[in-house]
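Coordinates in review
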Amino acid sequence: MIAAVKPKDIPQSQSREHTPARRFADEAVAEFMGSAFEACEVSGWPDGCSVSQVYGALQRAAHHQDVGRKVRVRLAQGRIYLERR
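Residues numbered from 1 in each chain as written. Predicted model: local features only at pLDDT ≥ 70, side-chain atom pairs only at ≥ 80, totals over all residues. Heavy atoms only, no water.

We now examine helix α1 (residues 20–34). Helical geometry note: an α-helix holds 3.6 residues per turn, so side chains three or four residues apart project in the same direction. Over its 15 residues, α1 runs 21 Å from end to end, which matches the ideal 21 Å to within 8%, given 1.5 Å per residue. Buried residues of α1: A21, R22, F24, A25, A28, V29 and F32, and no others. The buried side chains of α1 occupy one side of the element, clustering within an arc of 160 degrees when seen end-on. Counted as exposed and oriented over 90 degrees from the buried face of α1: E27, E31 and G34. Tucked inside the fold, the buried residues of α1 contact β1 (39–42), α2 (51–64), β2 (71–76) and β3 (79–84). (Helix = DSSP H or I, 4+ residues; strand = E, 2+ residues; numbered from the N terminus. Expected span 1.5 Å × (residues − 1). Buried < 20%, exposed > 50% of the residue type's maximum accessible area, 1.4 Å probe, protein only. Arc of directions from axis to C-beta. Contact = heavy atoms within 4.5 Å.)

This is the structure we're talking about:
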């Protein structure tokens with residue numbers, strides 16, 4: 001059932017390069033946290049990225065920047081919002 005392998009022989013599960021949606025989300029969350037806004041609408045994401053891709057990327061970016069408890073990512077009527085909790 002199992003066989004021993006060396007850790008260096010385990011392939012990477014994810015690409016190390018960030019997608020355009022992820023780069024955009026990282027910048028958007030950082031910009032929002034640096035602002036005094038209580039809420040904002042997110043727009044202007046890269047061409048070729050769907051609303052759902054950007055929404056998911058924003059949620060992951062908030063989590064990875066350790067602000068997931070301070071920022072709520074909301075999706076309403078095809079528009080994405082960031083809101084302070």
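Text resumes after the structure shown.
Attention shifts here to the nonpolar core. Of all hydrophobic cores here, the largest spans 19 residues; its most connected members are V42, V54, L58, I80 and L82. Only α1, β1, α2, β2 and β3 provide two or more residues apiece to this core. If you tally residues by element for this core, the top one is α1, at six residues. Ignoring anything within four residues of it in the chain, the contact list for V42 reads F24, L58, I80 and L82. (Core = buried A, V, L, I, M, F, W, Y, C linked by side-chain atoms within 4.5 Å.)

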